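Structure at a glance
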Amino acid sequence: MLAAIKNRIPALLYIVYFLSRYSSSFSQDIPVSFYSSLAEKIYLQLDNNVYTTDQAIWFKAIVVNTTDHTPTRVSGILYAELIDPDENIVERKMVKLDGGTGDGFFQLGLNYTYGVYQLRAYTTWNQNFGESFFFKDYIRVYGPENRQKENPVKKITIIEETNSNRKVKVQLDALAVDSIEGKGITFIVSSDAKRDTLVMKKNRDDQYFLDYRIPLQSKLLTVNVQADNVLNYSKTIVLDTNYLDVQFFPEGGELVQGLPVLLGIKVLDYKGKGKPAQGEIVNNKNEVIATFKSNELGMGLIKWDKADSAAGYKARIFSPSVLKQYVLPAISPAGNNLSVRKAGDKILLKAASNYLLNDSIVIRASCRGQIYFDFKGQLKNGMMEFPVASKILPEGIIDFTLLIHGEMPVAERLYFNERPETRMNLEIIADKTQYNQREKTELNIKTGDKDGKPVAANFSVLVFNKTQQGNMLNLRRNILSHFLLSSDLKGEIENPYIYFQDDTSRTSDIDVLLLTQGWRKYNYQRDEVLLNFLPETGLTVSGTVKGGLFGKKAKSSAELTLATFNNPPFIDKQKTDSLGRFRFLLDDEYGDNMKILIQSANKSSKKQDYQVTLDKKQYPPVEFEHKNSIDKPDSTVQAYIQTNLERKKTEDSVRDAAEGKTLQEVIVKSRILSDQQKAVTEKYGEAGVIIDGHAIRKKEAKWSFGLYSVLMFNFPEQVNVVRGRDGVLYASLYNNLPTLVIVDGIPVIYYQYSSIPSIPPSEVKSFEIIEYAKNFSSLYCEVAPSCLIAPPAGNVIAIYTYGGHGLTGLRATIGMNNMSVPVFTTPREFYAPKYMQLKEEDWAKPDLRTLIHWQPNLQTDSSGKASVSFYNSDVTGNVQVVVEAISANGEFGYHELFFDVKSARKK
């Protein structure tokens, strides 16, 4: 206990200082600068962005303060979530942060739906500042067979009406809907920025139809179907594949009469991806004023001498089939402009106004919410120009704002201040440039500053076969592009990696990016802040104690004793405050859920039954960008998927040949039934699948948190276990019929279902599945909250325990409360074979790994040095090493190394 508190003292003091200085009750009266300095940025480094269902998703987490990018001292817990294509949170991890870093994994399985998944990460503290401070990324999951659950959305029809309106008609599979309906079906219809929620019932023809009007200019439509039993389905379609979204961004914020024009242009396709384009600007006399050509990501610059409000400017976009015209933004008759250019090691600022001639102005430079300088000057004939040394400003996005009349902002321009000398110098030296299959690779890693002095750093090492991966990973975000660029801009940045390559065009490309996508993701200048969430420095158990009739009165000074029985055990005692509140600080514990005992007593230490309620964790709602689901895998991705599937098939065949086929179920045709089993069989039918308790315990891993977790990852062919929107695991069959549970012959009531997943495998005699059970409707009416619409058919899961008394138990001790709380996810070490003494017979077992090595949390010594070693696989070709690092001072490092692996065996 003392060790846990000691490790959290710096963070606790930091937060106590904040609370004592600025707020005693989390009020809104908090200075903006202090608010922004407390917010956190989050980055997850992934080992890949394409997976098959037999793989694990490995990640490294880095959490920093927004202003100076130093590792956070506020949060000690990070929540990482895997969200499926239907917006269900299928798994949530609690990752321990140590010095702002942590790591974890998501183990995929055969029961995972194929498609695009969202990875989301956040801290409880960051929930105060909105979704923009969450980390989000999208990955793709594939497998050998399509195991997607049947989607009730069968038909979507688009109808063009004579009045230029557009309607969509959605038809559902009535049988599929009937099996999931419960009390009703909720539709969430999204078309671009519009989002409506509707409730539907059957029509007179016993069918489900949705008739909905959508905006004519919509390019995507997503229909999300939600049922009361937390099942969730979604389907996205493209309404106009020829759609082009052309956006114009005047430098400084507006086109101003008589002032020079620098106009950013951005061309997007129906998926929101950049599309290369070229064209020209013409006036109302059809005269060509300027021509332009975008880069590969659809962004470009357009220049001409000065804006004229009488010219009626239009942009012509040339495409293979048609010429499209777009009207430019309106020209302001009176306004100001702010231009920013790079000039060697200086930044050239140029302010212009068509109505202020000799006035005093201020150009303010700020970065990540912090004001660095106010450059004061005076216009001469409406112009002012002066240089600024780039070294006096930090690296990253600088917000230059033109202020007049004291503090009135009239123009803004974002600029990327590149200062590579402030980054960490990373060196990776391999002992060879070419290796044989299964040969050991030794890497020496060194971290230092610009002067060569050692820098202590936390770093990760990722090694993969680039020949198979191609450019799949090279175009994604990395530690530099995320913290210095992506995290401060609104919207998706395509291929962020390219802006940090050693390329002569990247400086101009990044300037175009900031001009066209120069909307800040973080609203640093909020006028008021409401902090609803306390920071989590470590594991806690908190809640409220009530007593009296129906537990309505808060019990102040109630004495609570909390105990856990891990190794070592943990015991702590405290009294509730005047509001009946308590909060225990726990030692670091790992697993998924930990059983705790809370003994309640009165202020005289006499055991007493009180109502002890734990605080319910508030998780943010899911926001899923369904346009990411439209992209089809390119040839490189398809080849990689096929290679992975063939690898899995080869490994399975070799293992089966060596060890024999492992059966994942025990089906007994003739057996002696207990009285409970006889009664269940007679009423609901014979079990078609029986998984013996011994088979379940044999598959139980150290990270198991109950019966359903073992079934989810080891028996996916027999039972479909998924996490509902309420965070509880539910078991069902793949026939999409509702499934009810009986434990020891006792039907489980609907509000008891949260207790089933945590049944200890050690207590299970057998897990039995009765498909298309008899008397299902009567069982449904017995356990459901309402029997108005009882499903005619369904499945029954029968669980038999050694105790034989179902879920219901008697409390043996007065005031004893048995509960469970989530704890840190148990880290898993990346496994790879070691070939220290390679023998000829070892080659009989193929090693087809594409991910060769993964070490997420390493530390350099006092001299800034570290070493890493690993063995290569049988896959030949070019291998890429990626090292990402962060220092305690917020310096980032990124480096790549390449070597070749050649065949070591004669054919």
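Starting afresh in each chain, residues are numbered from 1 along the sequence in its written order. Local features in a predicted model are, by the rule used here, given only for residues with pLDDT of at least 70; side-chain atom pairs are given and counted only at 80 or more, and totals for whole chains, interfaces and linings are based on all residues. Calculation of side-chain values draws on the structure's entire complement of heavy atoms; hydrogens and water are dropped beforehand.

1. Focus on the overall build of the chain
Think of it this way: any DSSP run of H or I at least four residues long counts as a helix, any run of E at least two long counts as a strand, and we number them from the N terminus. A tally of regular secondary structure across the chain gives 12 helices and 56 strands. Using a 1.4 Å probe on the protein chains alone, a residue whose accessible area is under 20% of its type maximum counts as buried, one over 50% counts as exposed, and one in between counts as partly exposed. Out of the 907 residues in the chain, the part that is buried amounts to 53%. The contact criterion used is simple: two residues touch if any of their non-hydrogen atoms lie within 4.5 Å. Considering only residue pairs separated by 6 or more positions, the chain has 69% of its internal contacts joining residues 24 or more positions apart. Methods summary: accessible areas were calculated by the Shrake-Rupley approach with a probe of 1.4 Å, and residue burial reflects only the protein chains presented. When the accessible surface of the chain is totalled, it reaches about 42800 Å², and 50% of it is carbon and sulfur.

2. Observations concerning the pairing of strand β8 (residues 135–142)
Most of β8 sits inside the fold, with six of its eight residues counted as buried. Pairing between strand β2 (residues 50–52) and β8: three bridges, direction parallel. The residue of β8 that forms the bridge with valine 50 is arginine 140. Any two strands are treated as partners once DSSP identifies two or more bridges connecting them. Here seven bridges tie strand β7 (residues 115–122) to β8, and the two strands are oriented antiparallel to one another. Each bridged residue has a counterpart across the sheet, and for glutamine 118 the counterpart in β8 is tyrosine 138.

3. Brief notes about the sheet that holds strand β34 (residues 440–448)
Reading across the sheet, the three strands line up as β32-β34-β54 and stay open at both edges, with antiparallel pairing between neighbours. Unpaired on one side and paired on the other, β32 (425–430) and β54 (865–871) mark the two borders of the sheet. Strand-to-strand twist in this sheet, taken as the mean axis angle between neighbours without regard to direction, amounts to 20 degrees. Summarising the sheet, β34 and β54 pair through seven bridges and their orientation is antiparallel. Interaxial angle, 0 to 180 degrees, is taken between N-to-C directions of lines fitted to C-alpha atoms, where a helix line uses only the stretch in contact.

4. With respect to the pairing of strand β50 (residues 795–801)
Burial analysis of β50 places seven of its seven residues in the buried class, the great majority of the element. Two elements, strand β47 (residues 739–743) and β50, share five bridges in a ladder whose sense is parallel. Pairing of valine 741 across the sheet is with isoleucine 797, part of β50. Bridge count for strand β49 (residues 764–770) against β50 is six bridges, and the pairing is antiparallel. Bridge pairing links serine 766 to tyrosine 800 in β50.

5. Some thoughts on the state of the cysteines
By convention in this document, the label disulfide applies to cysteine sulfur atom pairs within 2.5 Å. For the coordinates displayed, the defined rule picks out one disulfide. The disulfide partner of cysteine 781 is cysteine 787, and the gap between their sulfur atoms is 1.7 Å. Taking relative accessible area as the criterion, cysteine 781 reaches 32% and is therefore assigned partly exposed.

6. Structural notes on the environment of leucine 349
Assignment of secondary structure puts leucine 349 in strand β26 (residues 346–353). Distance in space between the C-alpha atoms of leucine 349 and serine 339 is 5.9 Å, their sequence separation being 10 residues. Discounting chain neighbours no more than four positions away, the residues touching leucine 349 are Ser339, Val340, Ile363, Phe375, Met384, Glu385, Phe386, Val388 and Phe400.

7. Some words on the nonpolar core
To qualify as a nonpolar core, a set must consist of buried Ala, Val, Leu, Ile, Met, Phe, Trp, Tyr and Cys residues joined through side-chain atoms within 4.5 Å. Ranked by size, the top nonpolar core spans 59 residues in total, and within it Leu78, Leu82, Ile139, Leu485 and Tyr499 carry the most contacts. Beyond its immediate chain neighbours, meaning those up to four positions away, isoleucine 139 contacts Leu46, Asn48, Asn49, Tyr51, Ile57, Leu82, Gly115, Val116, Tyr117 and Leu119.

8. Some remarks on the environment of glutamate 296
In this structure, glutamate 296 sits in the loop between β20 (288–293) and β21 (299–304). Separated by 22 residues in the primary sequence, glutamate 296 and glycine 274 have C-alpha atoms spaced 7.3 Å apart. Setting aside anything within four residues of it in sequence, one finds glutamate 296 in contact with Gly274 and Pro276.

9. What about unusual backbone geometry?
The general pattern is negative phi for most residues beyond glycine and trans for most peptide bonds. Positive phi outside glycine occurs at arginine 438, with the angle close to 65 degrees. Among the structural elements, arginine 438 can be located in the loop between β33 (434–436) and β34. Residue class for arginine 438 comes out buried when judged on its relative accessible area of 3%. Unusually for a residue other than glycine, tyrosine 772 sits at a positive phi of about 55 degrees. Along the chain, tyrosine 772 falls in the loop between β49 and α12 (776–783).

10. Description of the side chain of glutamine 437
The residue glutamine 437 is located in the loop between β33 and β34 in this model. Here glutamine 437 falls in the buried class, since its relative accessible area comes to 12%.

11. Some remarks on the pattern of salt bridges
Counted as salt bridges are all cases of a side-chain nitrogen of Lys or Arg within 4 Å of a carboxyl oxygen of Asp or Glu. Scanning the entire structure with this criterion turns up 27 salt bridges. Among the salt bridges present, the one from arginine 413 reaches glutamate 251, with a minimum N-O distance of 2.8 Å. Taken as a pair, arginine 413 in strand β31 (residues 408–417) and glutamate 251 in the loop between β16 (245–250) and β17 (255–256) lie far apart in primary sequence, 162 residues in all. Both residues of the pair, arginine 413 and glutamate 251, count as buried. Measuring nitrogen to oxygen at the nearest pair gives 2.9 Å for the salt bridge that ties lysine 273 to glutamate 492. Of this pair, lysine 273 sits in the loop between β18 (261–268) and β19 (278–282) while glutamate 492 sits in the loop between α6 (479–484) and α7 (506–516), placing them 219 residues apart in sequence. On the basis of relative accessible area, lysine 273 is assigned to the buried category, the value being 18%. Taken together, the salt bridges that share partners define one network made up of Glu81, Arg92, Arg120, Glu131, Lys136 and Glu623.

12. Description of α7
Counting buried positions along α7 gives nine out of 11 residues, so the element sits mostly inside the fold. Taken residue by residue, α7 has Arg506, Asp509, Ile510, Asp511, Val512, Leu513, Leu514, Leu515 and Thr516 as its buried positions. Summarising the contacts, the buried residues of α7 are in contact with β16, β18, β21, β30 (396–404) and β31.

13. Notes on the confidence of the model for the chain
One rule of thumb: low pLDDT means the predicted coordinates there are not for detailed reading. For every residue, the predictor states its confidence as a pLDDT score lying anywhere from 0 to 100. Averaged over every residue, the pLDDT of the chain is 83; residues scoring 70 or more account for 84%. Taken together, the stretch residues 661–670 has pLDDT below 50 and engages in 18 contacts with residues farther than four places along the chain or on a different chain.

14. Some thoughts on the packing of aromatic side chains
Centre distance within 6.5 Å is the pairing criterion for rings of Phe, Tyr and Trp, where only the six-membered ring of Trp is used; planes under 30 degrees apart are then read as stacked, over 60 as edge-to-face, and the remainder as tilted. Counted by the stated rule, this structure contains 25 aromatic pairs. Taking 6.1 Å as the distance between ring centres and 90 degrees as the angle between the ring planes, the aromatic pair formed by tyrosine 835 and tyrosine 871 counts as edge-to-face. Residue tyrosine 835 is located in the loop between β52 (824–825) and β53 (851–859), and its partner tyrosine 871 is located in strand β54; the two are separated by 36 residues in the primary sequence. Overall, tyrosine 871 belongs to the buried group, its relative accessible area being 11%.

15. Thoughts on the environment of threonine 537
Tracing the backbone through its elements, the reader meets threonine 537 in the loop between α7 and β36 (540–547). Along the sequence, threonine 537 and valine 74 sit 463 residues apart, while their C-alpha atoms lie 6.5 Å from each other.

16. Details of the sheet that holds β31
Hydrogen bonding along the main chain pairs the strands of a sheet, whether they run parallel or antiparallel. A sheet is described by the order of its strands in space; here four strands give the open sequence β28-β27-β30-β31, paired in antiparallel fashion. Since the sheet does not close on itself, it has two edges, and those belong to β28 (370–378) and β31, each with one partner. The sheet shows a mean angle of 20 degrees between the axes of neighbouring strands, taken without regard to direction. Relative to β30, strand β27 (residues 360–367) runs antiparallel, the two sharing six bridges. By the bridge assignment, serine 366 is partnered in β30 with aspartate 399. This element, α7, spans β30 and β31 of the sheet and lies at about 150 degrees to β31.

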